[in-house]
Amino acid sequence: EQLKGAVTFEHVSFRYPGMSTYVLKDISFHIRPGETVAILGSTGAGKSSILQLIPRLYDPTEGAVYVDGMNLKDVKMDDLRKRIGFTPQESILFSGTVEENLAWGKSDATLSEMKAAAQDAQIHETITDLKDGYETKLGQKGINLSGGQKQRLSVARALIRKPNILILDDSTSALDLQTESKVLDAIDKYKCTLFIVTQKLSTAKRADKIMLIDDGKIIEEGTHDQLMNTSTLYREIAYS
Ligand code: CTP
């Protein structure tokens, strides 16, 4: 099935319910299965708003979004959840065990699946170092995870379902370059389509497509090499 992992936006405009201003304005793009897309842009540019439309947290006000070749309007939410791994900007962890947190949204996940995903997200060793390993309760006194550890746990949770499409909304920002690169190398093996919001040039360089977002629009699009040649704005970002 060659459309597994394809994502298309067709003239998508969007405003949040009850708001009069459009935060996305006529966005169109087509991503082929397995491509890595780096999304760059300043605060408030619309990066999260674009990504939230893929798992259907919101529907476009105008235009259409297609996943795996299907208009999202025709896809059942349960079905969509199986296809997409999404880690929002703020990691959503609750005060259960590490295991419970990892299995959230996929209750049939086995321990070995969790461990494999945790290894890929570079968090397995941190977990085994905790007092009760995978059974350690999070949020319990004395067990505070760092921002980067929370992000890696969220990435592991998303990987467990082996998604066709993985969306990392600023979910690797707290990782050092080397750790992020290991996580991305592991994600490569999943052969999924990857959307990653990043400020790191090293991450943008690996992408098949970079999208520069500003004021709700895609203002530049291309690979690192292309944009270095054609985009003054991208060069400014690259050298900053
Ligand atoms: N916005 C809104 N209501 C929300 C979320 C966002 O009105 N529930 C607005 C923001 O104020 C902003 C615009 O939508 O003007 C785009 O926001 P967002 O998509 O979050 O921009 P990002 O590029 O993701 O910004 P950041 O890097 O800060 O996350």
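Everything that follows concerns the structure shown earlier in this document.
We now turn to the structure provided with this report. (Residues numbered from 1 in each chain as written. Predicted model: local features only at pLDDT ≥ 70, side-chain atom pairs only at ≥ 80, totals over all residues. Heavy atoms only, no water.)

**Some points on helix H4 (residues 111–120)**
This is how it is decided: Summary of the burial criterion: residues with accessible area below 20% of their type's maximum are buried, those above 50% are exposed, and those between are partly exposed, where the area comes from a 1.4 Å probe applied to protein chains only. Each helix corresponds to a stretch of at least 4 residues labelled H or I by DSSP, and each strand to a stretch of at least 2 residues labelled E; elements are numbered beginning at the N terminus. The directions considered for the arc run from the helix axis to the C-beta atoms. Contact definition: two residues touch when any of their heavy atoms are within 4.5 Å.
Within the sequence span of H4, burial applies to Met114, Ala117, Ala118 and Asp120. Along the axis of H4, the buried residues cluster in a sector spanning 160°; they form a single face. In this structure, the buried residues of H4 make contact with helix H3 (98–103), helix H5 (124–129), helix H6 (147–160) and helix H7 (177–188). Looking one or two residues past H4, glutamine 122 carries a phi angle of roughly 60°, positive in sign.

**Things to note about the site of the ligand**
Basically, it comes down to this: Any residue with a heavy atom lying within 4 Å of a molecule or strand is counted as near it. Counted as a polar contact is a pair of N or O atoms within 3.5 Å, where, for protein atoms, one must be capable of donating a hydrogen and the other of accepting one, and residues adjacent in sequence contribute only when both atoms are in side chains. Residue-level accessible areas treat just the shown protein chains as cover; the underlying method is Shrake-Rupley with a 1.4 Å probe. Residue polarity follows a fixed list, in which Ala, Val, Leu, Ile, Met, Phe, Trp, Tyr, Cys and Pro are nonpolar, Asp, Glu, Lys and Arg are charged, and the others, Gly among them, are polar.
All residues adjacent to the ligand are Tyr16, Met19, Val23, Ser42, Thr43, Gly44, Ala45, Gly46, Lys47, Ser48, Ser49 and Gln89. Between the ligand and glycine 44 there is a distance of 2.8 Å, counted from an oxygen atom to a backbone nitrogen or oxygen. The backbone of alanine 45 places a nitrogen or oxygen atom 3.1 Å from an oxygen atom of the ligand. Calculation on the ligand without its partners gives an accessible area of 610 Å², and the protein chains cover 62% of this total. Of the residues belonging to the shell around the ligand, the class tally is 4 nonpolar, 7 polar and 1 charged.

**A short note on empty space enclosed by the protein**
Heads up, the condition is: Only protein atoms enter the calculation, which uses a 1 Å grid: trapped sets of points that fit a 1.4 Å probe without letting it out are cavities, open sets showing protein on both sides within 12 Å along at least five of seven lines are pockets, and any residue with an atom within 4 Å of a point is a lining residue. Grid points are joined across faces, edges and corners, and a volume is the space filled by probe spheres set on the points.
Per the stated rule, a full pass over the model turns up 1 cavity of 30 Å³ or more. Each pocket or cavity is described by its volume, and for the largest cavity that value is around 60 Å³. What lines the largest cavity is simply Leu53, Arg56, Asp59, Pro60, Gly63, Ala64, Val65, Asn71, Leu72 and Lys73. The element that contributes the greatest number of residues to the lining of the largest cavity is strand S4 (residues 62–67), accounting for 3 residues. A class-by-class count of the residues in the lining of the largest cavity yields 5 nonpolar, 2 polar and 3 charged.

**Overview of H6**
Just so we agree on the cut-off: Helix span, as expected, comes to 1.5 Å for every residue beyond the first.
Along its 14 residues, H6 runs 20 Å from first to last C-alpha, staying within 8% of the 20 Å computed at 1.5 Å per residue. Across the 14 residues that make up H6, a large majority, 12, are buried. Along its buried surface, H6 packs onto strand S6 (84–87), H3, H4, H5, strand S7 (165–168) and H7. Backbone geometry just downstream of H6 places lysine 162 in the positive-phi region, at approximately 45°.

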